[in-house]
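Per-entry structural report
Listed below are the residues making up each chain.
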Amino acid sequence: MTLRSLKQIIPALETSDGAGVRIKRSIGQQQNIRLDPFLMLDEFGSAEAADYIAGFPSHPHRGFETVTYMIEGHMLHEDHLGNRGDLRNGGVQWMTAGRGIIHSEMPQQEEGVMRGFQLWLNLPAAEKMTKAGYRDIQPEEIPELTFDGGKLKLIAGTLQIDGQAHAGAVPDRTTQPIYADIHLASDGSLRLPLPEGHNAMLYLYEGSASLGESSLQRSAANVLSDDGDQIELHAGQAGARLLLIAGKPIGEPVVQYGPFVMNTREEIEQTLRDYRDGRLTA
């Protein structure tokens, strides 16, 4: 058993998206800053309504999946398939754009804190033109696992804790993603197995923590080394809350134009024609 180390830190940059929602973007802040199979990771969080109230009006996607995890707040998803999902505290929305989806994500609050994350997960070429889909995952559907030193919410994938395997709310994807929200108590620690060959990152969003001997940076993608099959986390006196995100690399070319992610420029050009001619979701 070999422990993974800290390989690279990608600080999140403040920017805006949608109709003016303030966000912090680490992975995906530039098109060459990705971690296969992950295309983008956004953190949003504010108590100021002006930072989020405009939301994300109707817009298209093709070729990947979006995973939205709400820590605090209320957002409504609607799409051309007729899906309607209320995203509230602790819930997750898993949307497969596939060959094409048109959706909106609009705040359902005019004051208070809205806080969470959106992750873009790439699809392999063989699945990019699959049928679009949507799943609204309620907080009670997400396994919450306790261990000596804290607790963990397992959104996707399978993890072993104290020798016992646990499956998340979304266990079955080609890229075998692991998505966990880890809460460490004061001076708490956790050792977890991690599949060899998976790319992985840690995103610290509260408190302080270290990976082995290396301190993790807040609001940053802390990218792990490629070798090793375990991670060892330690929290500071204030405890820590952080995301563990890992997945099997696809290893294919990525060509992105805004909300469209394909493998070649020709496919992007076809996507733009499909959107222009009303065939994106046909």
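- As recorded in an unreviewed UniProt entry, the chain goes by the name Pirin family protein, listed as coming from Marinobacter flavimaris.
- Recorded in UniProt under Sequence similarities (unreviewed entry), the annotation for the chain is "Belongs to the pirin family."

1. Comments concerning the nonpolar core
- Counting 29 residues, the largest nonpolar core has F117, Y179 and M201 as its most contacted members.
- Once residues within four sequence positions are removed from consideration, Y179 is found in contact with V67, Y69, F117, L119, K153, L154, I155, A156, L243, L244 and I245.
- I178, I182, L216 and L224 belong to the second-largest nonpolar core, a separate cluster that totals 27 residues.

2. Let's talk about the sheet that holds strand β9 (residues 92-96)
- Strand order in the open sheet formed by seven strands is β2-β3-β4-β11-β6-β9-β12, and the pairing between neighbours is antiparallel. Each edge of the open sheet carries a strand with a single partner, namely β2 (13-17) and β12 (133-137). On average, each strand axis in the sheet is tilted by 20° relative to the strand beside it, whichever way the strands run.
- For strand β6 (residues 64-72) and strand β11 (residues 114-122), the ladder comprises eight bridges, and the chain directions are antiparallel. Opposite T66, over in β11, you have W120 as the bridge partner.

3. Describing the pairing of strand β22 (residues 230-247)
- Within β22, 13 of the 18 residues are buried, leaving the element largely enclosed by the surrounding structure.
- Relative to β22, strand β17 (residues 178-184) runs antiparallel, the two being bridged by seven bridges. Bridging across to β22, H183 finds its partner in R241.
- Across five bridges, strand β18 (residues 189-193) lies against β22 in antiparallel orientation. Bridged to R191 within β22 is E232.
- Looking at chain direction, strand β19 (residues 199-211) and β22 are connected through eleven bridges and run antiparallel. Looking at the pairing, M201 lines up with I245 of β22.

Parameters at a glance
- Along each chain, residue indices are assigned from 1 in the same order as the chain's sequence is written.
- Per-residue local features are limited, in this predicted model, to residues with pLDDT of at least 70; the limit for side-chain atom pairs, both in listing and counting, is 80 or more; totals at the level of whole chains, interfaces and linings are taken over all residues.
- To obtain the side-chain values, all non-hydrogen atoms of the structure were included, while hydrogens and water were left out.
- UniProt positions are given in the numbering used here, feature names are shortened, and annotations may be inferred rather than shown by experiment.
- Among the buried residues, those of types Ala, Val, Leu, Ile, Met, Phe, Trp, Tyr and Cys that are joined through side-chain atoms within 4.5 Å form a nonpolar core.
- Only protein chains enter the accessibility calculation, which uses a 1.4 Å probe; a residue is then buried when its area is under 20% of its type maximum, exposed when over 50%, and partly exposed in between.
- Contacts are assigned to residue pairs that have any heavy atoms within 4.5 Å of one another.
- Only strands joined by at least two bridges in the DSSP assignment are considered to pair.
- Strands here are runs of E lasting at least two residues and helices are runs of H or I lasting at least four, both read from the DSSP assignment and numbered beginning at the N terminus.
- Fitted lines through C-alpha atoms give the axes, limited to the stretch in contact for helices. The angle between two N-to-C directions lies from 0 to 180 degrees.

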